[in-house]
Amino acid sequence: MITNEELFQIAKEIVKNSYSPYSNFPVGAAVLYEDGTIYKGVNVENSSLGLTLCAERNAISTAIAQGQKGKIEAIAIYAPKEKMCAPCGACRQWIWEFSNNGNTRIIIEGENGGLYETTIKELLPLGFNL
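Because the structure is a prediction, the values reported are computed rather than measured.

Novice: Describe the layout of surface pockets, and please don't skip the residues or the numbers.
Specialist: Once rolled over the atoms, a probe with the size of a water molecule shows which space is left empty. The volume enclosed by the largest pocket comes to roughly 180 Å³. Forming the boundary of the largest pocket are 14 residues, of which Phe25, Val27, Asn43, Cys54 and Glu56 lie nearest the centre.

Novice: Give a description of the pattern of salt bridges that names residues and reports values.
Specialist: One pass over the structure, following the stated rule, counts three salt bridges. For Lys83, the salt bridge is made with Glu109, and the minimal N-O distance between the two is 3.2 Å. Of the two residues, Lys83 sits in the loop between strand 3 (72-78) and helix 3 (89-97) while Glu109 sits in strand 4 (residues 105-109), which places them 26 residues apart along the sequence. Residue classification places Lys83 among the partly exposed residues on the basis of a relative accessible area of 37%.

Novice: Quick one: what's the story with the nonpolar core, residue by residue and with numbers?
Specialist: Most often, soluble globular proteins have nonpolar side chains that are buried together. Grouped together as the largest cluster of nonpolar side chains are 20 residues, with contacts concentrated most on Val31, Tyr33, Ile60, Ile75, Ile77, Ile95 and Ile106. Only strand 1 (28-33), helix 2 (55-65), strand 3, helix 3 and strand 4 provide two or more residues apiece to this core. Considering every element that reaches this core, the biggest residue donor is helix 2, with four residues. Residues within four places of Ile106 in sequence aside, it is in contact with Ile75, Ile77, Pro87, Ile95, Tyr116, Glu117, Thr118, Thr119, Ile120 and Leu123. The next biggest cluster of nonpolar side chains, apart from the first, holds 10 residues, and it includes Leu7, Val15, Ala74 and Tyr78.

Novice: Go over helix 3 with me, naming the residues and quoting the values.
Specialist: Residues of helix 3 that are buried include every one of Cys91, Ile95 and Trp96, and no others. Buried residues along helix 3 cover an arc of 140° about the axis, so they all sit on one side. Lining the buried residues of helix 3 we find helix 2, strand 3, strand 4 and helix 4 (120-123).

Novice: Provide a residue-level description of the sheet that holds strand 3, including the pertinent values.
Specialist: Pairing within the open sheet is mixed, and its five strands lie in the order 2-1-3-4-5. This sheet does not close on itself; its edge strands, each paired only once, are strand 2 (38-42) and strand 5 (115-119). On average, adjacent strands in this sheet sit at an angle of 20° to one another, irrespective of strand direction.

Novice: A description of the pairing of strand 2 should follow, citing residues and the corresponding values.
Specialist: Look at any regular strand and the pattern is simple: side chains alternate between the two faces of the sheet. Here strand 1 runs beside strand 2; their pairing, made up of five bridges, is antiparallel. Counted as the bridge partner of Ala29 is Gly41 from strand 2. Between strand 1 and strand 2, which follow one another and run antiparallel, lie four residues, and Gly36 among them has a positive phi close to 95°.

Novice: Before we move on, could you go through the state of the cysteines and cite the residues and values that matter?
Specialist: Enumeration over the complete set of coordinates arrives at zero disulfides. The thiol of Cys54 is unpaired, and the distance to the nearest cysteine sulfur, on Cys91, comes to 3.8 Å. Of all cysteine sulfurs, the one in Cys54 lies closest to Cys85, which takes part in no disulfide; the gap is 9.3 Å.

Conventions adopted
- Counting from 1, residues in each chain are numbered in the order their sequence is written.
- Per-residue local features are limited, in this predicted model, to residues with pLDDT of at least 70; the limit for side-chain atom pairs, both in listing and counting, is 80 or more; totals at the level of whole chains, interfaces and linings are taken over all residues.
- Values reported for side chains reflect all heavy atoms of the structure, with hydrogen atoms and water molecules removed beforehand.
- Only protein atoms enter the 1 Å grid used here, on which a cavity is any set of points holding a 1.4 Å probe that cannot leave and a pocket is any open set flanked by protein within 12 Å on both sides along at least five of seven lines; residues with an atom within 4 Å of a point are listed as lining.
- Grid points are joined across faces, edges and corners, and a volume is the space filled by probe spheres set on the points.
- The salt bridge definition used is simple: a Lys or Arg side-chain nitrogen within 4 Å of an Asp or Glu carboxyl oxygen.
- Working definition: helices are DSSP H or I runs of at least four residues, strands are E runs of at least two. Numbering for both runs from the N terminus.
- Any residue under 20% of the maximum accessible area for its type is buried, any over 50% is exposed, and the rest in between are partly exposed; the area is computed with a 1.4 Å probe on protein chains only.
- By convention a nonpolar core is built from buried Ala, Val, Leu, Ile, Met, Phe, Trp, Tyr and Cys residues, the set being connected through side-chain atoms within 4.5 Å.
- Only heavy atoms enter the contact rule, under which two residues are in contact if any of them lie within 4.5 Å.
- The arc in question is formed by the directions pointing from the helix axis toward the C-beta atoms.
- Two strands are counted as paired when DSSP detects at least two bridges linking them.
- Fitting a line to C-alpha atoms yields each axis, with helices limited to the stretch in contact; the angle taken between N-to-C directions then spans 0 to 180 degrees.
- Cysteine sulfur atoms that come within 2.5 Å of each other are treated as a disulfide pair.

This is the structure in structure tokens:
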């Protein structure tokens, strides 16, 4: 079983691939699915800023494109310029959509440098379900 530290390290390594020339705010994400598979993503910006893709949604989209049908066990997010960098609202809903009953773990860098863990249910207590 992969540890929170190992998953966070993957997010930290992938952040170098971020395409963030407009905000200069790189983000990396590593998503762990219940079958043990890990998918990586980075934020990809566009000069039409509304078309920008967050790292979390990039990683989840990659998983779906590669045929992943399972639920997200955990997601680690790393932003070198900000501690406590939690997912944006759109990413929270995406994580909720593919979570295991809201229990998906969210792992980010803590205020004092260690890791901070929460769940998507705590970040989005009334996630939308159709």
